[in-house]
Structure formats: structure tokens, C-alpha cells
Amino acid sequence: MDKRNKFWRRQQMARVFKARMILYAAYGHCIIREDGSYYEHPHWFELAKDKWAQVYKTTGTPCSCWMCRGFEYDRKEYKKETLRIIRESMD
């Protein structure tokens, strides 16, 4: 029997959502709520309750930033890509 059913996908979605919120809480700054209050260092589940964070629950990649893509900055790869673009533009 295949383990990848609807329940498994829900669990994976929740796991990714939790990881994103933990990452956002670790690197993010203060958040300002609609009522005007703000938190300096919010816990990840406080972020998850906010209205703006709900898009991270259902969307695989809501935007192209490094946090949403799960992409770590790689300086060596960036330099290689830049050099390739420069060489192509020179030809």
C-alpha cells in the first residue's frame, strides 16, 4: 500500500509550514498586527496565527524569496552564474 495518500500530504504540508514559520521567526524582525500592537521577537506559532501567514499553508512557493524557495545562498554558484552571464554578453 502506498503511504502517499491525502493524510500524508497534509502532514508534509504542515511540516513545511512549521519549518517556514520557525525560519521566519529566527531571521525576521518585529511584526506589526492590524490592531497596532507589535512583537519584537515573536514565537513561530504566533506568526502562524496571523492572517498574512496563511498563504504559506496552502501555497508551495508563494514568492521567489530565499525563504519561500528553501534556497540557501551559495556564493560560489552565484559567482559562476555571473561570470557565465558576463561571458555571454561579451560574445
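Coordinates for the structure precede this section.
Fair warning: this is a prediction, and the values are worked out from it, not measured in the lab. (Residues numbered from 1 in each chain as written. Predicted model: local features only at pLDDT ≥ 70, side-chain atom pairs only at ≥ 80, totals over all residues. Heavy atoms only, no water.)

Before going further, it helps to spend a moment on helix H1 (residues 6–27). For H1, built from 22 residues, the straight-helix expectation of 32 Å at 1.5 Å per residue is met to within 8% by its first-to-last C-alpha distance of 32 Å. For H1, the set of buried residues is Phe17, Arg20 and Met21. Seen end-on, H1 carries its buried residues on one side only, within an arc spanning 100°. The exposed set on the far side of H1, more than 90 degrees from its buried face, consists of Phe7, Arg15, Ala26 and Tyr27. Two or three places before Phe7, at the opening of H1, Asn5 has a side-chain oxygen 3.3 Å from that residue's backbone nitrogen. (Helix = DSSP H or I, 4+ residues; strand = E, 2+ residues; numbered from the N terminus. Expected span 1.5 Å × (residues − 1). Buried < 20%, exposed > 50% of the residue type's maximum accessible area, 1.4 Å probe, protein only. Arc of directions from axis to C-beta. Polar contact = N/O pair within 3.5 Å; in protein donor to acceptor, adjacent residues only side chain to side chain.)

By size, the foremost hydrophobic cluster in this structure holds seven residues: Phe17, Met21, Ile31, Leu47, Ala48, Ala53 and Tyr56. At the level of secondary structure, the elements contributing two or more residues to this core comprise H1 and helix H2 (44–49). Ignoring sequence-local partners within four residues, the contact set of Ala53 consists of Phe17, Met21, Leu47 and Ala48. (Core = buried A, V, L, I, M, F, W, Y, C linked by side-chain atoms within 4.5 Å. Contact = heavy atoms within 4.5 Å.)

Applying the stated criterion across every chain yields a total of two salt bridges. A salt bridge links Arg84 to Glu81, with the shortest nitrogen-to-oxygen separation between them at 2.4 Å. With a gap of three residues between them, Arg84 and Glu81 both fall in helix H5 (residues 75–90), about one helical turn apart. Of the charged contacts, one joins Glu88 and Arg84 as a salt bridge, the two residues approaching to 2.6 Å between their closest N and O atoms. Residue Glu88 and its partner Arg84 are located together in helix H5, separated by four residues, close to a single helical turn. Ionic contacts of the salt-bridge type, sharing partners, join the residues Glu81, Arg84 and Glu88 into one network. (Salt bridge = Lys/Arg side-chain N within 4 Å of Asp/Glu carboxyl O.)

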